[in-house]
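The chain contents come next:
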Amino acid sequence: MQKKKENDFMHWEKYSRQRIRDIAFSAIGKNLNYRDSPPIGLPASYLDPKVFYSDAPFLSEAPFMSTMVANPNHIGCHTMGDSEPVFSGTQALERELIEICATQIFDALPDAVDGYVASGGTEANIQAFWVLRNYFIEECHAAHQQIAMVYSEDAHYSMPKGANLLNVKSIVAKVNSESRLIDLAGLEQQLVEAKMEGVKHFILVMNMSTTMFGSVDDIAAAVSLFESMALSFKIHVDGAYGGFIYPFSARDPLYSFQNKHVFSFSLDAHKMLLSPYGTGIALIRKGHIKYAMTKEANYVKGKDYTLVGSRSGANAVAIWMILRAYGSDGWTSKIQELLERTDWLCEQLAKRGIVFYRHPKMNIVTLKPDLIDHALAEKYFLVPDDHDAPSWWKIVVMDHVTEGVLDHFLLDLDKTLEK
């Protein structure tokens with residue numbers, strides 16, 4: 001087996017603005033130019049030239065917008081081999097960013113993971129569930145009713161959505177109200193009942209930051225439980241929010257492809273990476289995405305293995321540009337700065353007696369509503385867990401949440417506390 005060198009993990013090179021521009025435009029140049037060579041049989045389209053004119057002067061310095069105008073269709077999964085050859089330039093950048101995410105963020109061996117840029121974290125999650133469901137059906141001869149998804153009550157709503165779409169059972173585990181960790185004793189009883197009902201295979205979803213709390217599931221404890229019960233299971237990690245934070249702040253080998261139980265990851269670059277919408281990422285161990293192949297897509301070179309089908313190559317270029325603009329060292333420094341700002345906010349809240357939950361390696365702080373004035377929460381656009389009857393208010397410390405913004409929030413908070 002190929003081994004990684006120790007310094008291969010969490011390191012990708014930072015590129016200059018000029019180098020990013022040159023590589024991106026070179027990739028566009030390797031694609032088919034619809035205007036120069038109009039395809040009459042290719043299932044592709046160029047943008048209306050009356051609106052999206054390609055000779056706008058600013059485009060020469062805007063590789064992402066230029067890719068949008070060029071409109072490459074990245075249908076298929078380009079880590080699998082054959083793909084539509086007319087888009088080979090930008091497909092190469094997508095393959096590179098998938099390899100960076102797999103090997104440098106989640107510690108996979110080189111060329112050991114397949115993946116693609118999805119429409120968002122929801123699609124990336126459902127793609128993984130789809131592959132796993134079909135794996136259990138084809139390899140284990142399981143019926144739909146013999147497969148269940150297991151996830152915590154804090155998990156994203158794409159979990160029940162995926163279970164509903166794929167016609168598999170949902171097992172929703174309760175969490176401790178203080179630690180936000182899964183109640184393992186309760187889950188054990190749920191698993192016993194599921195086995196009695198005929199469930200034989202489990203898709204275990206582990207949260208690398210829940211949406212509302214930023215909590216991270218105890219993956220070791222969950223694996224220990226499933227192994228003690230001799231269950232057939234594979235883990236999907238929902239890293240749609242935490243995937244670009246937690247690996248840099250915690251360096252947790254259990255939340256990586258070094259963990260033999262981890263089958264797949266989802267990421268969502270439009271959150272922490274500040275990329276455009278439509279930039280989710282699905283990562284699945286090599287040799288398994290074949291279970292989602294659409295055999296009927298005969299006109300697509302290399303077939304299609306993705307949930308969405310046609311998708312914009314510009315989104316892949318956008319993520320690649322951001323990763324290369326920072327490099328691993330730059331991104332790690334940015335995450336550290338945000339965490340230090342979050343630490344400071346938590347110190348200030350604690351001084352004021354505000355009860356909150358915060359995972360120490362995440363930049364989400366969720367406040368109990370007792371001392372939080374509703375008008376204050378609305379002024380600063382705090383996110384409630386329930387818009388009708390909030391039990392928590394969420395703060396996410398990102399680039400735009402500067403020290404000055406937090407100072408203003410705390411000053412206004414103090415005014416409400418004095419009433």
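Read on for an overview of the structure. On a predicted model such as this, the values are computed, not experimentally measured, just so you know.

In the structure shown here, the tally under the stated rule is 13 aromatic pairs. With a centroid separation of 5.8 Å and 85° between ring planes, the pair formed by Tyr246 and Tyr255 is classed as edge-to-face. Note on Tyr380 and Phe409: the rings are 5.3 Å apart at their centroids and 85° apart in plane angle, and the pair reads as edge-to-face. Remark: Phe409 occurs in helix α11 (residues 403-417) and Tyr380 occurs in the loop between α10 (374-379) and β10 (383-384); sequence separation between them is 29 residues. Residue classification places Tyr380 among the partly exposed positions, given a relative accessible area of 21%. Overall, Phe409 belongs to the buried group, its relative accessible area being 3%.

Residue placement: Gly327 occurs in helix α9 (residues 313-351). Exposure remark for Gly327: the relative accessible area of 1% places this residue in the buried category. Separated by 66 residues in sequence, Gly327 and His261 place their C-alpha atoms 29 Å apart. Here Gly327 is in contact with Trp12, Glu13 and Lys14, once residues within four sequence places are set aside.

In a disulfide, the sulfur atoms of two cysteines are held together by a covalent bond. Applying the stated criterion to the full structure yields 0 disulfides. In this structure Cys77 is not part of a disulfide, and its nearest cysteine sulfur, from Cys101, lies 13 Å away. According to the relative accessible area criterion, Cys77 is buried, its value standing at 2%.

Its boundaries defined by the atoms lining it, the largest pocket holds a volume of some 560 Å³. Taken together, 21 residues make up the lining of the largest pocket; nearest its centre are Val383, Ile395, Val396, Met398 and His400. Of all the elements in the fold, those that place two or more residues in the lining of the largest pocket are β11 (393-396) and α11. The class makeup of the residues in the lining of the largest pocket is 15 nonpolar, 4 polar and 2 charged.

About the cut-offs
One numbering rule holds for all chains: residues counted from 1, following each sequence as written. Selection of residues for local features in this predicted model requires a pLDDT of at least 70, selection of side-chain atom pairs for listing and counting requires 80 or more, and totals for whole chains, interfaces and linings are taken over all residues. To get the side-chain values, all heavy atoms of the structure are used, and hydrogens and water are removed first. For Phe, Tyr and Trp, where Trp contributes only its six-membered ring, two rings pair if their centres lie within 6.5 Å, and the inter-plane angle classes them as stacked under 30 degrees, edge-to-face over 60, or tilted in between. Only DSSP runs of H or I with at least four residues qualify as helices, and only runs of E with at least two residues qualify as strands; both kinds are numbered from the N terminus onward. Throughout this description, buried means an accessible area under 20% of the type-specific maximum (1.4 Å probe, protein chains only), exposed means over 50%, and partly exposed covers the range between. We call two residues contacting when some pair of their heavy atoms lies within 4.5 Å. What counts as a disulfide here is a pair of cysteine sulfur atoms lying within 2.5 Å. Of the grid points, spaced at 1 Å and generated over the protein atoms alone, those admitting a 1.4 Å probe that cannot get out make up cavities, while open sets with protein on both sides within 12 Å along at least five of seven lines make up pockets; any residue with an atom within 4 Å of a point is treated as lining. Grid points are joined across faces, edges and corners, and a volume is the space filled by probe spheres set on the points. Residue type decides the class: Asp, Glu, Lys and Arg count as charged, Ala, Val, Leu, Ile, Met, Phe, Trp, Tyr, Cys and Pro as nonpolar, and the leftover types, Gly among them, as polar.

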